[in-house]
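# Descriptive structure summary
Listed below are the residues making up each chain.
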Amino acid sequence: MTALGLPDTIQACLFDLDGVVTKTAVVHAAAWKETFDAFLRGHDGQRPFDAVADYDEYVDGRPRADGVRAFLDSRGIHLPEGTPDDPPDAPTVHGLGNRKNELLLEKIRTQGVEAYDGTLRYLEAVRAHGLRTAIVSSSANCRDVLHSIGAEHFFDVRIDGVVAAERGLPGKPHPDTFLAAAHDLGVEPAAAAVFEDALAGMDAGRAGRFGYVVGVDRVGQTDALYAHGADTVVKDLAELGGKE
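Residues numbered from 1 in each chain as written. Predicted model: local features only at pLDDT ≥ 70, side-chain atom pairs only at ≥ 80, totals over all residues. Heavy atoms only, no water.

### A look at the pattern of salt bridges
On inspection of all chains with the given rule, the structure shows 16 salt bridges. Among the salt bridges present, the one from Asp54 reaches Arg75, with a minimum N-O distance of 3.3 Å. Taken together, the positions of Asp54 in helix H2 (residues 53-59) and Arg75 in the loop between helix H3 (64-74) and helix H4 (93-111) put the pair 21 residues apart, joining distant regions of the chain. By relative accessible area, which is 7% here, Asp54 ends up buried. Between Arg99 and Glu102 there is a salt bridge whose closest N-O contact spans 2.5 Å. Taken as a pair, Arg99 and Glu102 lie in helix H4 at a separation of three residues, close to a single helical turn. When its relative accessible area of 29% is taken as the criterion, Arg99 is described as partly exposed. Overall, Glu102 belongs to the partly exposed group, its relative accessible area being 37%. Connected through salt bridges with shared partners, the residues Asp16, Lys172 and Glu196 form a single ionic network. (Salt bridge = Lys/Arg side-chain N within 4 Å of Asp/Glu carboxyl O. Helix = DSSP H or I, 4+ residues; strand = E, 2+ residues; numbered from the N terminus. Buried < 20%, exposed > 50% of the residue type's maximum accessible area, 1.4 Å probe, protein only.)

### Side note on the state of the cysteines
On inspection of all chains with the given rule, the structure shows zero disulfides. Cys13 forms no disulfide, and the closest cysteine sulfur to it belongs to Cys142, at a distance of 16 Å. (Disulfide = S-S within 2.5 Å.)

### Let's talk about the environment of Arg64
Tracing the chain through its elements places Arg64 in helix H3. Residue classification places Arg64 among the partly exposed positions, given a relative accessible area of 25%. A sequence separation of 29 residues divides Arg64 from Val93, and the C-alpha atoms of the two residues are 8.9 Å apart. From its side chain, Arg64 meets the backbone oxygen of Gly97 in a polar contact 3.3 Å long. (Polar contact = N/O pair within 3.5 Å; in protein donor to acceptor, adjacent residues only side chain to side chain.)

Dropping the structure here:
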């Protein structure tokens, strides 16, 4: 293993955003809960959205519309797809997704965005060691979030919700966005490491046959991260090293 805590065959690092670089996973979970709980009140006998269990299982790491479908399917509820331009009060998959995004942006505006200091230090070390880097996120707000914390310069490539839509790439747990990042960096998947906190991201790392998959456990799900394909699990990327 290198000083970065990675196999010496790794040439590039692919980082998820929410929960790995930024402390926005809790904000996402709160926005999803507010969205789904309001919706579920119109369906008798439905229990509220669980901001831990339901979030981890059905929406974390997935594109918004995929998260809506997965969660509603788990409750036996089916909605019309609608279109990406649906208003946030539309009773459609995209309408619910847009409502969640509206709430998320409001929470980010009022609460701000914080970065994980351990991740920023690790990114500095990765860059100093000459490895290439990419940010891989299902969020359509990825660029704005990176800009807000002054972290755009850490990444050579950005594959986010906007880029995925433009290229027609399915989101996590499919590996396509990570594979696109590796391709854009000019490395084979086997020479790239994936850094993820979501179970769907672990699945994507395993399915893409990446050289190393690092699970970041912010919420006490170490066993689940290993079960979904992590090669190692840390609570903070500072644990991997990176110091000269």
